[in-house]
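Here is what each chain is made of, one letter per residue.
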Amino acid sequence: MPTISCFLRKASGALQDKDAIYVEPLTYSTIKADSLMTHLQKNFQIDGGQLQGMISDLVKQMIVFLQIGHKVEVPGLGTFSLKMNGDVKRDSEGVLQIENARYGGIHFSPNKTFRKYLWNTKFSLISHNVVMSYSLNEDVILEIARELCEKNGFFLTKEFSARAVVSYSYACKILNDLVDSGKLLRRYSGRLKIYTMPK
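### Looking at the sheet that holds strand S4 (residues 78–90)
The three strands lie next to each other as S3-S4-S5, forming an open sheet whose pairing is antiparallel. With partners counted over all chains shown, the strands left at the sheet margins are strand S3 (72–74) and strand S5 (96–110), one partner each. If you compare each strand with its neighbour and ignore which way they point, the axes differ by 20° on average. In the packing of helix H2 (residues 48–66) onto the sheet, contacts are made with S3, S4 and S5, and the angle to S3 comes to roughly 155°.

Here's what the structure looks like:
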């Protein structure tokens, strides 16, 4: 079952003094367009050029419809419509007019089947500690490291990358910083980097 890691965050602003605590998903990396295209080609054996052309044509046609006031339903995905920003003011004769009318974003309403699949997503608390920010801070990082070490006594970079849901290169940077600060130990087995918690 698909699972997203999440953590506890203390409220800021007006609710800060009320000790309100929220659950937040970890900040995940963005799947870039090139990566998405590569996965589609690999997993569904679709020709890359043909796929790129179809997506480009779909976007162009959606823009045409959206800009003349239509909602656009994409099969299996959902319905898109334009939002707008603007001011309402009375002119010199007291008639209501709009000013500064402009594009204000996209409203997306997921398809019923699309929503059904997403409802199956599970959420797992990665730490019982409350953090002030929803970024991947050191407390959350060390909690992940401890959790991985509890299973096998050590962990690999790729295991940390998968658990923290960050890229492999970013995981290397995080783990190197912890080793440099003495909060994590590293040893080698051939070319393999193995990490453990200090005793």
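Structure shown, so let's carry the discussion forward.
### Focus: the pattern of salt bridges
Tallying each qualifying case throughout the model produces four salt bridges. Here Glu138 makes a salt bridge to Lys183, at a shortest N to O gap of 2.4 Å. Here the residue Glu138 occupies a position in helix H4 (residues 138–152), and Lys183 occupies one in the loop between helix H6 (168–180) and strand S8 (185–189), the gap between them amounting to 45 residues. With relative accessibility at 33%, the residue Lys183 sits in the partly exposed group. Residue Asp177 is joined to Lys173 by a salt bridge in which the shortest nitrogen-to-oxygen separation is 3.2 Å.

### Remarks on the packing of aromatic side chains
As enumerated under the stated definition, the model contains four aromatic pairs in all. Judged by centre distance (4.8 Å) and plane angle (40°), the rings of Phe80 and Phe108 are tilted. Placement of Phe80 in strand S4 and of Phe108 in strand S5 is noted, with a sequence separation of 28 residues between them. Among the residues examined, Phe80 registers a relative accessible area of 17% and is labelled buried. Judged by its relative accessible area of 31%, Phe108 is partly exposed.

Procedures and definitions
Residues numbered from 1 in each chain as written. Predicted model: local features only at pLDDT ≥ 70, side-chain atom pairs only at ≥ 80, totals over all residues. Heavy atoms only, no water. Pairing = 2+ DSSP bridges. Helix = DSSP H or I, 4+ residues; strand = E, 2+ residues; numbered from the N terminus. Axes fitted to C-alpha atoms, helices over the stretch in contact; angles between N-to-C directions. Contact = heavy atoms within 4.5 Å. Salt bridge = Lys/Arg side-chain N within 4 Å of Asp/Glu carboxyl O. Buried < 20%, exposed > 50% of the residue type's maximum accessible area, 1.4 Å probe, protein only. Phe/Tyr/Trp six-rings, centres within 6.5 Å; stacked < 30°, edge-to-face > 60°.

Geometry only, nothing functional implied.
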